[in-house]
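Architecture and fold: a report
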Amino acid sequence: MQEVVTKRIFKGQLSTGLAACILCFVLACIFWPLWSMFFKSIFSALTAQGLAAVEPAVRTKLIGVMVEGAFFWMVINPWIWQTLIMGNYGKTAFTFKQPHAGIWYTVVAWLAGIVMFFIIIGFLGIWWKPFSLALLFFPKTAEEVHLAIAGWEVANFFALPVIMAQIPFVALFQKWPFAGTSKQPTEGWGVFFFSTLVVVLVWMATVIPSFWKLSLGGEVIVNAPLGNFAWWCAFCQIFVFFFLIPAEGGEGYPMKLFAKKQPYMGIAGLIIALAAGLTLPSVIRGIITPLNLLPGTPPDLLTASLGLSCVISLLAWHHLFDDYPSAQLVPNTAARILIRFVIWVVLGGVLGVLWIKIFGKLPFGANNMGMAYPTMGILAGQFAFLMTFLFFNTFFDKWPLVRKVPQEASCKENINISSGSKLETAVE
(Lines give C-alpha, C1' and ligand atoms only; values in the text may rest on other atoms or scores of the structure.)
Protein backbone atom coordinates (compact mmCIF):
# COMPACT_ATOMS: atom_id res chain seq x y z
CA MET A 1 0.00 0.00 0.00
CA GLN A 2 1.61 3.22 -1.12
CA GLU A 3 0.05 6.62 -0.68
CA VAL A 4 0.04 8.61 -3.88
CA VAL A 5 -1.02 12.07 -4.95
CA THR A 6 -3.15 12.38 -8.09
CA LYS A 7 -2.72 15.57 -10.10
CA ARG A 8 -5.20 16.35 -12.85
CA ILE A 9 -4.86 18.88 -15.64
CA PHE A 10 -8.66 19.19 -15.86
CA LYS A 11 -10.92 19.50 -12.85
CA GLY A 12 -13.87 17.24 -13.65
CA GLN A 13 -14.62 13.75 -14.91
CA LEU A 14 -16.30 14.96 -18.07
CA SER A 15 -13.59 17.42 -19.05
CA THR A 16 -10.87 14.83 -18.42
CA GLY A 17 -12.81 12.21 -20.37
CA LEU A 18 -13.41 14.51 -23.33
CA ALA A 19 -9.74 15.51 -23.46
CA ALA A 20 -8.74 11.85 -23.23
CA CYS A 21 -11.11 10.92 -26.08
CA ILE A 22 -9.68 13.60 -28.35
CA LEU A 23 -6.11 12.64 -27.47
CA CYS A 24 -6.73 8.93 -28.04
CA PHE A 25 -8.48 9.59 -31.35
CA VAL A 26 -5.46 11.55 -32.57
CA LEU A 27 -3.11 8.85 -31.29
CA ALA A 28 -5.12 6.16 -33.09
CA CYS A 29 -4.88 8.15 -36.33
CA ILE A 30 -1.11 8.21 -35.92
CA PHE A 31 -0.60 4.76 -34.40
CA TRP A 32 -2.41 2.61 -36.95
CA PRO A 33 -0.63 3.86 -40.10
CA LEU A 34 2.76 3.47 -38.38
CA TRP A 35 1.90 0.00 -37.08
CA SER A 36 0.48 -1.11 -40.41
CA MET A 37 3.35 0.20 -42.53
CA PHE A 38 5.97 -1.26 -40.16
CA PHE A 39 4.52 -4.77 -40.23
CA LYS A 40 3.68 -4.55 -43.91
CA SER A 41 7.37 -4.03 -44.66
CA ILE A 42 8.37 -6.99 -42.50
CA PHE A 43 5.74 -9.40 -43.82
CA SER A 44 6.28 -8.34 -47.43
CA ALA A 45 9.95 -9.29 -47.12
CA LEU A 46 9.15 -12.63 -45.46
CA THR A 47 6.51 -13.64 -48.03
CA ALA A 48 8.19 -12.18 -51.13
CA GLN A 49 8.52 -15.52 -52.93
CA GLY A 50 4.87 -16.45 -52.44
CA LEU A 51 3.60 -12.96 -53.26
CA ALA A 52 5.40 -13.10 -56.62
CA ALA A 53 3.30 -16.13 -57.55
CA VAL A 54 -0.15 -14.56 -57.02
CA GLU A 55 -2.20 -11.68 -58.39
CA PRO A 56 -2.23 -8.25 -56.66
CA ALA A 57 -5.59 -8.77 -54.91
CA VAL A 58 -4.31 -11.93 -53.22
CA ARG A 59 -1.07 -10.19 -52.22
CA THR A 60 -3.08 -7.42 -50.58
CA LYS A 61 -5.24 -9.97 -48.79
CA LEU A 62 -2.29 -11.91 -47.37
CA ILE A 63 -0.44 -8.84 -46.09
CA GLY A 64 -3.71 -7.47 -44.72
CA VAL A 65 -4.48 -10.53 -42.61
CA MET A 66 -0.88 -10.73 -41.40
CA VAL A 67 -0.88 -7.09 -40.24
CA GLU A 68 -4.27 -7.62 -38.62
CA GLY A 69 -2.93 -10.73 -36.90
CA ALA A 70 0.01 -8.83 -35.45
CA PHE A 71 -2.43 -6.31 -33.95
CA PHE A 72 -4.82 -8.91 -32.58
CA TRP A 73 -2.11 -11.07 -31.00
CA MET A 74 0.23 -8.32 -29.79
CA VAL A 75 -2.34 -5.75 -28.62
CA ILE A 76 -5.86 -7.10 -28.01
CA ASN A 77 -5.14 -10.51 -26.50
CA PRO A 78 -2.31 -9.51 -24.15
CA TRP A 79 -4.25 -6.50 -22.84
CA ILE A 80 -7.01 -8.85 -21.72
CA TRP A 81 -4.52 -11.26 -20.19
CA GLN A 82 -2.41 -8.66 -18.42
CA THR A 83 -5.05 -6.17 -17.28
CA LEU A 84 -8.17 -8.22 -16.70
CA ILE A 85 -6.76 -11.61 -15.81
CA MET A 86 -3.48 -10.67 -14.10
CA GLY A 87 -4.55 -7.28 -12.74
CA ASN A 88 -1.59 -5.47 -14.35
CA TYR A 89 0.79 -7.48 -12.20
CA GLY A 90 4.36 -6.28 -12.70
CA LYS A 91 3.49 -2.96 -14.35
CA THR A 92 5.43 -0.97 -11.75
CA ALA A 93 8.13 -3.59 -11.22
CA PHE A 94 10.85 -1.12 -12.22
CA THR A 95 9.25 2.27 -11.78
CA PHE A 96 6.06 3.93 -10.63
CA LYS A 97 6.66 6.92 -12.88
CA GLN A 98 4.76 7.37 -16.12
CA PRO A 99 5.18 7.07 -19.04
CA HIS A 100 8.07 4.72 -18.21
CA ALA A 101 5.86 2.11 -16.52
CA GLY A 102 3.41 2.18 -19.42
CA ILE A 103 6.15 1.80 -22.03
CA TRP A 104 7.62 -1.14 -20.12
CA TYR A 105 4.24 -2.85 -19.84
CA THR A 106 3.44 -2.23 -23.51
CA VAL A 107 6.66 -4.03 -24.48
CA VAL A 108 5.66 -6.86 -22.13
CA ALA A 109 2.29 -7.05 -23.91
CA TRP A 110 3.89 -7.26 -27.34
CA LEU A 111 6.26 -10.00 -26.23
CA ALA A 112 3.52 -11.91 -24.40
CA GLY A 113 1.36 -11.87 -27.53
CA ILE A 114 4.21 -13.13 -29.71
CA VAL A 115 5.02 -15.94 -27.27
CA MET A 116 1.40 -17.04 -27.00
CA PHE A 117 1.01 -17.02 -30.79
CA PHE A 118 3.98 -19.31 -31.23
CA ILE A 119 2.82 -21.59 -28.40
CA ILE A 120 -0.79 -21.99 -29.54
CA ILE A 121 -0.63 -21.61 -33.32
CA GLY A 122 2.87 -23.04 -33.60
CA PHE A 123 1.88 -26.18 -31.68
CA LEU A 124 -1.23 -26.72 -33.81
CA GLY A 125 0.86 -26.10 -36.91
CA ILE A 126 2.81 -29.29 -36.29
CA TRP A 127 -0.20 -31.18 -37.64
CA TRP A 128 -2.59 -28.58 -39.11
CA LYS A 129 -1.01 -27.40 -42.35
CA PRO A 130 -2.73 -23.94 -42.45
CA PHE A 131 -1.20 -23.22 -39.02
CA SER A 132 2.32 -24.27 -40.00
CA LEU A 133 4.64 -21.43 -39.04
CA ALA A 134 6.76 -22.06 -42.12
CA LEU A 135 3.70 -21.72 -44.33
CA LEU A 136 2.24 -18.72 -42.45
CA PHE A 137 5.44 -16.68 -42.66
CA PHE A 138 7.23 -18.11 -45.70
CA PRO A 139 4.71 -19.29 -48.36
CA LYS A 140 6.49 -20.13 -51.61
CA THR A 141 3.71 -20.99 -54.07
CA ALA A 142 0.27 -19.66 -54.94
CA GLU A 143 -1.34 -22.65 -53.21
CA GLU A 144 0.62 -21.97 -50.03
CA VAL A 145 -0.37 -18.30 -50.12
CA HIS A 146 -4.06 -19.25 -50.17
CA LEU A 147 -3.51 -21.71 -47.33
CA ALA A 148 -1.63 -19.05 -45.39
CA ILE A 149 -4.55 -16.63 -45.78
CA ALA A 150 -6.93 -19.29 -44.46
CA GLY A 151 -4.61 -19.99 -41.52
CA TRP A 152 -4.15 -16.33 -40.60
CA GLU A 153 -7.89 -15.62 -40.72
CA VAL A 154 -8.67 -18.36 -38.22
CA ALA A 155 -5.63 -17.58 -36.06
CA ASN A 156 -6.52 -13.88 -35.96
CA PHE A 157 -10.01 -14.46 -34.69
CA PHE A 158 -8.70 -16.37 -31.71
CA ALA A 159 -9.13 -12.85 -30.27
CA LEU A 160 -12.92 -13.10 -30.54
CA PRO A 161 -13.23 -16.09 -28.15
CA VAL A 162 -10.64 -14.42 -25.90
CA ILE A 163 -13.04 -11.48 -25.63
CA MET A 164 -16.20 -13.59 -25.46
CA ALA A 165 -15.10 -16.45 -23.25
CA GLN A 166 -12.22 -15.09 -21.17
CA ILE A 167 -13.49 -11.69 -20.04
CA PRO A 168 -16.67 -13.16 -18.44
CA PHE A 169 -14.48 -15.01 -15.93
CA VAL A 170 -13.64 -11.55 -14.59
CA ALA A 171 -16.68 -9.44 -15.49
CA LEU A 172 -19.34 -11.96 -14.46
CA PHE A 173 -17.72 -14.62 -12.27
CA GLN A 174 -15.25 -12.23 -10.58
CA LYS A 175 -12.45 -14.80 -11.01
CA TRP A 176 -14.42 -17.52 -9.21
CA PRO A 177 -13.36 -20.13 -8.05
CA PHE A 178 -9.81 -18.77 -7.85
CA ALA A 179 -10.57 -15.39 -6.26
CA GLY A 180 -9.06 -15.09 -2.81
CA THR A 181 -7.49 -18.53 -2.85
CA SER A 182 -3.94 -17.25 -3.21
CA LYS A 183 -1.86 -14.14 -3.80
CA GLN A 184 -1.02 -12.65 -7.16
CA PRO A 185 0.22 -13.76 -9.56
CA THR A 186 -0.83 -17.30 -8.60
CA GLU A 187 -4.52 -16.38 -8.56
CA GLY A 188 -4.23 -14.78 -11.99
CA TRP A 189 -2.42 -17.78 -13.45
CA GLY A 190 -5.22 -20.05 -12.24
CA VAL A 191 -7.85 -17.91 -13.96
CA PHE A 192 -5.68 -17.61 -17.08
CA PHE A 193 -5.12 -21.33 -17.66
CA PHE A 194 -8.68 -22.36 -16.84
CA SER A 195 -10.27 -19.65 -18.98
CA THR A 196 -7.85 -20.29 -21.87
CA LEU A 197 -9.14 -23.85 -22.01
CA VAL A 198 -12.64 -22.48 -22.52
CA VAL A 199 -11.33 -20.02 -25.13
CA VAL A 200 -9.80 -22.83 -27.18
CA LEU A 201 -13.07 -24.79 -27.08
CA VAL A 202 -15.11 -21.76 -28.20
CA TRP A 203 -12.55 -20.98 -30.91
CA MET A 204 -12.74 -24.51 -32.30
CA ALA A 205 -16.53 -24.56 -32.09
CA THR A 206 -17.23 -21.16 -33.66
CA VAL A 207 -14.32 -19.56 -35.53
CA ILE A 208 -12.93 -22.58 -37.37
CA PRO A 209 -16.29 -23.59 -38.92
CA SER A 210 -16.98 -19.94 -39.76
CA PHE A 211 -13.94 -19.77 -42.06
CA TRP A 212 -13.13 -23.35 -43.08
CA LYS A 213 -15.61 -25.52 -44.95
CA LEU A 214 -14.09 -28.76 -43.74
CA SER A 215 -15.19 -31.98 -45.42
CA LEU A 216 -14.67 -35.68 -44.87
CA GLY A 217 -15.17 -38.12 -47.71
CA GLY A 218 -16.78 -35.39 -49.77
CA GLU A 219 -19.25 -34.55 -46.97
CA VAL A 220 -19.11 -31.07 -45.38
CA ILE A 221 -18.73 -31.68 -41.65
CA VAL A 222 -19.11 -28.16 -40.20
CA ASN A 223 -21.79 -25.46 -40.07
CA ALA A 224 -21.16 -21.74 -39.60
CA PRO A 225 -22.63 -20.54 -36.26
CA LEU A 226 -25.90 -18.63 -36.76
CA GLY A 227 -25.56 -19.01 -40.52
CA ASN A 228 -22.75 -16.58 -41.33
CA PHE A 229 -19.79 -14.92 -39.63
CA ALA A 230 -21.19 -11.38 -39.80
CA TRP A 231 -24.34 -12.41 -37.94
CA TRP A 232 -22.24 -14.35 -35.45
CA CYS A 233 -20.23 -11.17 -34.84
CA ALA A 234 -23.48 -9.25 -34.29
CA PHE A 235 -24.46 -11.76 -31.61
CA CYS A 236 -20.99 -11.51 -30.08
CA GLN A 237 -21.04 -7.71 -29.79
CA ILE A 238 -24.39 -7.57 -28.01
CA PHE A 239 -23.36 -10.52 -25.82
CA VAL A 240 -20.16 -8.70 -24.90
CA PHE A 241 -21.99 -5.43 -24.19
CA PHE A 242 -24.33 -7.06 -21.67
CA PHE A 243 -21.76 -9.20 -19.89
CA LEU A 244 -19.52 -6.13 -19.46
CA ILE A 245 -22.22 -4.05 -17.76
CA PRO A 246 -21.84 -5.52 -14.23
CA ALA A 247 -18.10 -4.77 -14.15
CA GLU A 248 -17.89 -1.62 -16.28
CA GLY A 249 -20.25 0.78 -14.55
CA GLY A 250 -23.20 -1.44 -13.65
CA GLU A 251 -21.89 -2.02 -10.10
CA GLY A 252 -22.73 -5.71 -10.28
CA TYR A 253 -26.17 -5.23 -11.80
CA PRO A 254 -28.28 -6.63 -13.39
CA MET A 255 -26.96 -10.02 -12.22
CA LYS A 256 -27.17 -8.94 -8.55
CA LEU A 257 -30.94 -8.77 -8.96
CA PHE A 258 -30.99 -12.55 -9.20
CA ALA A 259 -28.10 -13.69 -7.00
CA LYS A 260 -25.66 -12.33 -4.43
CA LYS A 261 -22.98 -15.04 -4.42
CA GLN A 262 -20.75 -16.70 -6.97
CA PRO A 263 -21.08 -18.72 -9.14
CA TYR A 264 -24.81 -17.95 -9.19
CA MET A 265 -24.20 -14.27 -9.98
CA GLY A 266 -22.04 -15.22 -12.93
CA ILE A 267 -24.56 -17.74 -14.21
CA ALA A 268 -27.36 -15.17 -14.00
CA GLY A 269 -25.23 -12.60 -15.82
CA LEU A 270 -24.30 -15.14 -18.48
CA ILE A 271 -27.95 -16.02 -19.13
CA ILE A 272 -28.87 -12.33 -19.41
CA ALA A 273 -26.04 -11.69 -21.89
CA LEU A 274 -26.90 -14.76 -23.97
CA ALA A 275 -30.58 -13.82 -24.13
CA ALA A 276 -29.70 -10.28 -25.22
CA GLY A 277 -27.20 -11.53 -27.81
CA LEU A 278 -29.73 -13.89 -29.35
CA THR A 279 -32.63 -11.41 -29.51
CA LEU A 280 -31.46 -7.79 -29.80
CA PRO A 281 -29.42 -8.08 -33.04
CA SER A 282 -32.63 -8.88 -34.95
CA VAL A 283 -34.27 -5.79 -33.45
CA ILE A 284 -31.29 -3.61 -34.42
CA ARG A 285 -31.20 -5.06 -37.94
CA GLY A 286 -34.91 -4.37 -38.34
CA ILE A 287 -34.37 -0.72 -37.40
CA ILE A 288 -31.30 0.00 -39.53
CA THR A 289 -32.11 -1.97 -42.70
CA PRO A 290 -34.66 0.57 -44.04
CA LEU A 291 -32.18 3.39 -43.29
CA ASN A 292 -29.68 1.99 -45.82
CA LEU A 293 -26.80 3.55 -43.87
CA LEU A 294 -24.10 2.18 -46.16
CA PRO A 295 -25.49 1.06 -49.52
CA GLY A 296 -24.13 -2.28 -50.66
CA THR A 297 -23.07 -3.40 -47.19
CA PRO A 298 -24.87 -6.42 -45.67
CA PRO A 299 -27.20 -5.40 -42.79
CA ASP A 300 -25.70 -8.17 -40.65
CA LEU A 301 -22.30 -6.48 -40.82
CA LEU A 302 -23.78 -3.07 -40.00
CA THR A 303 -25.59 -4.60 -37.02
CA ALA A 304 -22.32 -6.02 -35.75
CA SER A 305 -20.61 -2.66 -36.22
CA LEU A 306 -23.30 -0.81 -34.26
CA GLY A 307 -23.09 -3.41 -31.49
CA LEU A 308 -19.33 -2.91 -31.30
CA SER A 309 -19.84 0.86 -31.14
CA CYS A 310 -22.02 0.38 -28.05
CA VAL A 311 -19.29 -1.78 -26.49
CA ILE A 312 -16.74 0.95 -27.20
CA SER A 313 -19.07 3.58 -25.73
CA LEU A 314 -19.46 1.55 -22.53
CA LEU A 315 -15.73 0.95 -22.18
CA ALA A 316 -14.85 4.57 -22.96
CA TRP A 317 -17.31 5.81 -20.35
CA HIS A 318 -15.73 3.49 -17.79
CA HIS A 319 -12.07 4.03 -18.64
CA LEU A 320 -12.03 7.67 -19.71
CA PHE A 321 -15.03 9.22 -17.94
CA ASP A 322 -14.73 7.15 -14.74
CA ASP A 323 -18.35 5.96 -14.82
CA TYR A 324 -19.93 9.39 -14.65
CA PRO A 325 -22.19 10.18 -12.77
CA SER A 326 -20.56 9.19 -9.49
CA ALA A 327 -22.33 8.10 -6.32
CA GLN A 328 -21.74 11.58 -4.91
CA LEU A 329 -23.70 13.15 -7.78
CA VAL A 330 -26.48 10.52 -7.91
CA PRO A 331 -26.75 8.64 -4.59
CA ASN A 332 -29.59 6.38 -5.76
CA THR A 333 -28.02 3.24 -7.24
CA ALA A 334 -30.85 2.39 -9.64
CA ALA A 335 -31.01 5.94 -11.02
CA ARG A 336 -27.23 6.14 -11.34
CA ILE A 337 -26.94 2.89 -13.31
CA LEU A 338 -29.96 3.72 -15.47
CA ILE A 339 -28.41 7.10 -16.40
CA ARG A 340 -25.18 5.36 -17.39
CA PHE A 341 -27.06 2.75 -19.43
CA VAL A 342 -28.89 5.46 -21.37
CA ILE A 343 -25.55 7.21 -22.01
CA TRP A 344 -23.95 3.98 -23.27
CA VAL A 345 -26.79 3.16 -25.65
CA VAL A 346 -27.44 6.67 -26.98
CA LEU A 347 -23.75 7.52 -27.33
CA GLY A 348 -23.05 4.10 -28.85
CA GLY A 349 -25.86 4.49 -31.37
CA VAL A 350 -24.83 8.00 -32.41
CA LEU A 351 -21.14 7.12 -32.68
CA GLY A 352 -22.04 3.87 -34.43
CA VAL A 353 -23.94 5.66 -37.19
CA LEU A 354 -21.19 8.30 -37.42
CA TRP A 355 -18.55 5.57 -37.73
CA ILE A 356 -20.46 3.86 -40.55
CA LYS A 357 -20.64 7.16 -42.40
CA ILE A 358 -17.02 8.29 -41.98
CA PHE A 359 -14.85 5.20 -41.35
CA GLY A 360 -13.85 5.24 -45.02
CA LYS A 361 -12.18 8.60 -44.44
CA LEU A 362 -10.26 7.70 -41.27
CA PRO A 363 -6.66 6.42 -41.33
CA PHE A 364 -7.55 3.64 -38.88
CA GLY A 365 -10.81 2.86 -40.70
CA ALA A 366 -10.56 2.22 -44.43
CA ASN A 367 -8.49 5.16 -45.69
CA ASN A 368 -4.83 4.34 -46.32
CA MET A 369 -4.19 7.96 -47.40
CA GLY A 370 -2.61 6.81 -50.63
CA MET A 371 0.20 4.99 -48.81
CA ALA A 372 -1.14 1.48 -49.52
CA TYR A 373 -0.93 0.27 -45.91
CA PRO A 374 -3.53 -2.32 -44.83
CA THR A 375 -6.65 -1.12 -43.03
CA MET A 376 -9.08 -3.21 -40.98
CA GLY A 377 -12.39 -1.86 -42.26
CA ILE A 378 -15.78 -1.26 -40.73
CA LEU A 379 -15.65 -3.80 -37.91
CA ALA A 380 -12.09 -4.51 -36.83
CA GLY A 381 -11.08 -0.90 -37.53
CA GLN A 382 -12.89 0.26 -34.39
CA PHE A 383 -10.44 -1.75 -32.30
CA ALA A 384 -7.63 0.65 -33.23
CA PHE A 385 -9.36 3.40 -31.25
CA LEU A 386 -10.61 1.03 -28.54
CA MET A 387 -7.20 -0.39 -27.74
CA THR A 388 -5.60 3.06 -27.78
CA PHE A 389 -7.74 4.30 -24.91
CA LEU A 390 -7.58 0.98 -23.03
CA PHE A 391 -3.77 1.12 -23.05
CA PHE A 392 -3.92 4.85 -22.27
CA ASN A 393 -5.92 4.25 -19.09
CA THR A 394 -4.64 0.93 -17.78
CA PHE A 395 -0.99 0.91 -18.87
CA PHE A 396 -0.31 4.67 -18.81
CA ASP A 397 -2.79 5.74 -16.09
CA LYS A 398 -4.11 8.56 -18.33
CA TRP A 399 -0.69 10.21 -18.42
CA PRO A 400 -0.14 13.10 -19.06
CA LEU A 401 -3.72 14.22 -18.34
CA VAL A 402 -3.54 12.55 -14.93
CA ARG A 403 -0.31 12.18 -12.99
CA LYS A 404 0.11 9.87 -10.01
CA VAL A 405 3.26 10.21 -7.93
CA PRO A 406 4.24 8.89 -4.48
CA GLN A 407 3.44 11.46 -1.82
CA GLU A 408 7.08 11.83 -0.77
CA ALA A 409 8.18 12.40 -4.36
CA SER A 410 5.37 14.86 -4.95
CA CYS A 411 6.62 16.98 -2.09
CA LYS A 412 10.01 17.24 -3.77
CA GLU A 413 8.69 17.96 -7.26
CA ASN A 414 7.54 21.32 -8.45
CA ILE A 415 5.06 20.40 -11.18
CA ASN A 416 3.38 23.28 -12.92
CA ILE A 417 -0.29 22.34 -13.09
CA SER A 418 -2.98 24.66 -14.41
CA SER A 419 -5.07 26.65 -11.94
CA GLY A 420 -8.09 24.49 -12.63
CA SER A 421 -6.41 21.34 -11.31
CA LYS A 422 -7.02 19.69 -7.98
CA LEU A 423 -5.20 17.29 -5.74
CA GLU A 424 -6.67 13.99 -4.74
CA THR A 425 -5.05 11.60 -2.32
CA ALA A 426 -5.54 7.93 -3.11
CA VAL A 427 -4.23 4.76 -1.55
CA GLU A 428 -3.02 2.12 -3.94
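This section reports on the structure supplied with the text. These numbers come from a predicted model, not from an experiment.

Basis of the calculations
- Residues numbered from 1 in each chain as written.
- Predicted model: local features only at pLDDT ≥ 70, side-chain atom pairs only at ≥ 80, totals over all residues.
- Heavy atoms only, no water.
- Patch = residues over 30% accessible without salt bridge, like charges linked within 9 Å, V, L, I, M, F, W, Y side chains within 5 Å.
- Areas by Shrake-Rupley, 256 points an atom, 1.4 Å probe, with all protein chains shown as cover.
- Salt bridge = Lys/Arg side-chain N within 4 Å of Asp/Glu carboxyl O.
- Buried < 20%, exposed > 50% of the residue type's maximum accessible area, 1.4 Å probe, protein only.
- Phe/Tyr/Trp six-rings, centres within 6.5 Å; stacked < 30°, edge-to-face > 60°.
- Helix = DSSP H or I, 4+ residues; strand = E, 2+ residues; numbered from the N terminus.
- 1 Å grid on protein atoms, 1.4 Å probe; cavity = no way out; pocket = protein on both sides within 12 Å on 5 of 7 lines; lining within 4 Å.
- Points joined across faces, edges and corners; volume = space filled by probe spheres on them.

Let's talk about a nonpolar patch on the surface
Taken together, Leu18, Ile22, Phe25, Val26, Ile30, Leu34, Met37, Met369 and Met371 make up a surface patch of nonpolar side chains, about 800 Å² in accessible area. Relative accessible area serves as the criterion here: at 53%, leucine 34 is assigned to the exposed category.

What about the packing of aromatic side chains?
Pairs of aromatic rings are described using the distance from one ring centre to the other and the angle between the two planes. Throughout the structure, instances matching the rule amount to 52 aromatic pairs. Ring geometry for tryptophan 73 against phenylalanine 158: centres 5.1 Å apart, planes inclined by 15 degrees, an arrangement best described as stacked. One end of the pair, tryptophan 73, is in helix 3 (residues 56-85); the other, phenylalanine 158, is in the loop between helix 6 (142-156) and helix 7 (159-166), with 85 residues separating them in the sequence. With respect to burial, tryptophan 73 and phenylalanine 158 carry one shared label: buried. For the pair phenylalanine 235 and phenylalanine 239, a centre-to-centre distance of 5.6 Å together with 15 degrees between the ring planes defines the contact as stacked. Taken together, the positions of phenylalanine 235 and phenylalanine 239, both in helix 10 (residues 229-244) and 4 residues apart, correspond to about one turn of that helix. The same class applies to phenylalanine 235 as to phenylalanine 239, namely buried.

Quick notes on the layout of surface pockets
Here the largest pocket is characterised by a volume of approximately 680 Å³. Lining of the largest pocket is provided by 34 residues; of these, Lys61, Val65, Glu68, Thr375 and Met376 occupy positions nearest its centre. Elements that contribute at least two residues to the lining of the largest pocket include exactly helix 1 (13-46), helix 3, helix 7, helix 10 and helix 14 (377-380). No other element matches helix 3, which puts 9 residues into the lining of the largest pocket.

The analysis is restricted to geometry; functional conclusions fall outside its scope.
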